[in-house]
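Descriptive analysis of the structure
This is what each chain is made of:
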Amino acid sequence: MTVYFIGAGPGDPDLITVKGQRLIRQCPVIIYAGSLVPPAVLEGHQAHTVINSAQLHLEQIIEAMRDAHEKGLDVARVHSGDPSLYGAIGEQIRHLRELGIDYQIVPGVTAAAASAALLGCELTLPDVAQTVILTRYGDSSPMPAGEQLGDLARHGSTLAIHLGVKHLPRIVDELMPHYGPDCPIAVIHRATWPDQDWVRGNLGNIVERVAAKGFRRTSLILVGHVLGDAPFAESALYRAGHAHLYRPGD
């Protein structure tokens, strides 16, 4: 018996991996995060037990997994996005290890990747940014030492900020000294869902633009000069005259 932590992707059911879809369709028990995973992700399943974890607390979720373990039934534990990012799987895994229950993690498409696709941009560009920092805004729980937004912003890297749109004015204030008012920023609401929407701007005008849209939750904030028209060099990989394993030099 195995508990499979499956990343369902950002919303579009077509963005789940083939492996994730196969496991959902074959596992006899499904526990899914119903507040963020669309029902279409579960289409074609043959499970006899389907549980919406949005209605449960941690101990109830673990009890359902323990019950499946005692019956020898595999569990598809379906999370949104990629379960290794803000999926709260660490606390579940801790219990599974204590109980001696096997588990596997099946990765999924992240909200950051989906948002970059919607914006039609690359998050890493030569001479502009070669680092992407995925973080969240510390509100309901404090950030560890050294991970305050200002600490991360001083690198000037591309930032993907989760769970922060309702604090956007404060976020802008913290970013402004490091990126400047003209730095591009985008706020993407429910990426790849049927009601997806987004707004682009710069640090100087984004608060007003997001207020006009009315985004208050389930939105990702992307910040960085890769979102704008900053000049950048061509990569070495496809540069004529650059030799590598698959394209040896003359």
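Residues numbered from 1 in each chain as written. Predicted model: local features only at pLDDT ≥ 70, side-chain atom pairs only at ≥ 80, totals over all residues. Heavy atoms only, no water.

Taken across its 6 residues, strand S8 (residues 184–189) has 6 buried, putting it largely inside the fold. Examined bridge by bridge, S8 and strand S9 (residues 197–202) share 6 bridges and lie antiparallel to one another. Considered in S9, the bridge of Val187 is made with Val199. Bridge count for S8 against strand S10 (residues 219–223) is 5 bridges, and the pairing is antiparallel. Note on S10: the bridge partner recorded for Ile185 is Val223. (Buried < 20%, exposed > 50% of the residue type's maximum accessible area, 1.4 Å probe, protein only. Helix = DSSP H or I, 4+ residues; strand = E, 2+ residues; numbered from the N terminus. Pairing = 2+ DSSP bridges.)

Of note in this structure, Tyr86 is not a glycine but carries a positive phi near 55°. Take Tyr86: it is sitting in the loop between strand S4 (75–79) and helix H3 (89–99). Look at Arg190: it is not a glycine, yet its phi comes out positive at around 50°. By the secondary structure assignment, Arg190 is in the loop between S8 and S9.

So, on to the packing of helix H6 (residues 168–179) against helix H7 (residues 206–213). A pair of packed helices is captured by two measures, namely the crossing angle of their axes and the spacing between those axes. At their nearest, the axes of H6 and H7 sit 10 Å apart, and the two run at 165° to each other. Looking at the two axes, H6 sits roughly antiparallel to H7. Relative to H7, the crossing made by H6 is right-handed. Each of Leu168, Pro169 and Val172 in H6 lies in contact with H7, whose residues at this interface are Ile206, Val207 and Val210. Here the residues of the contact of H6 with H7 sort into 6 nonpolar, no polar and no charged. (Axes fitted to C-alpha atoms, helices over the stretch in contact; angles between N-to-C directions. Parallel < 35°, antiparallel > 145°, perpendicular 65-115°, else oblique. Left-handed = near helix turned anticlockwise from the far one by under 90°. Contact = heavy atoms within 4.5 Å. Nonpolar A, V, L, I, M, F, W, Y, C, P; charged D, E, K, R; others polar.)

The terminal C-alpha atoms of helix H2 (residues 58–71) lie 20 Å apart, and with 14 residues this matches the ideal 20 Å at 1.5 Å per residue to within 8%. Along its buried surface, H2 packs onto strand S1 (2–7), strand S2 (29–32), strand S3 (49–52), S4 and H3. Following H2 by one or two positions, Gly72 adopts a phi angle in the positive range, close to 75°. (Expected span 1.5 Å × (residues − 1).)

The next subject is the packing of H2 against H3. Put simply, H2 and H3 touch, their axes get as near as 11 Å, and they point 40° apart. Considering their axes alone, H2 and H3 lie oblique with respect to each other. Our pair here, H2 against H3, has a crossing hand that is right-handed. Judged by residue contacts, Leu58, Ile61, Ile62, Met65 and Arg66 of H2 engage Glu91, Gln92, His95, Leu96 and Leu99 from H3. Looking at the contact of H2 with H3 residue by residue, the classes come out as 6 nonpolar, 2 polar and 2 charged.

For the rest of this paragraph, the subject is the sheet that holds strand S7 (residues 158–162). Sheet architecture is open: 5 strands sit in the order S6-S7-S10-S8-S9, paired in mixed fashion. For this open sheet the edge positions go to strand S6 (132–136) and S9, each flanked by a neighbour on one side alone. Mean inter-strand twist for the sheet, computed between neighbouring axes without regard to direction, equals 15°. Inspection of the sheet shows S7 paired to S10 by 3 bridges, in the antiparallel sense. Bridge assignment links Ile161 to a residue of S10, and that residue is Ile221. Its contacts with the sheet put helix H4 (residues 111–119) on S6, S7, S8, S9 and S10, and the angle it makes with S10 is roughly 70°.

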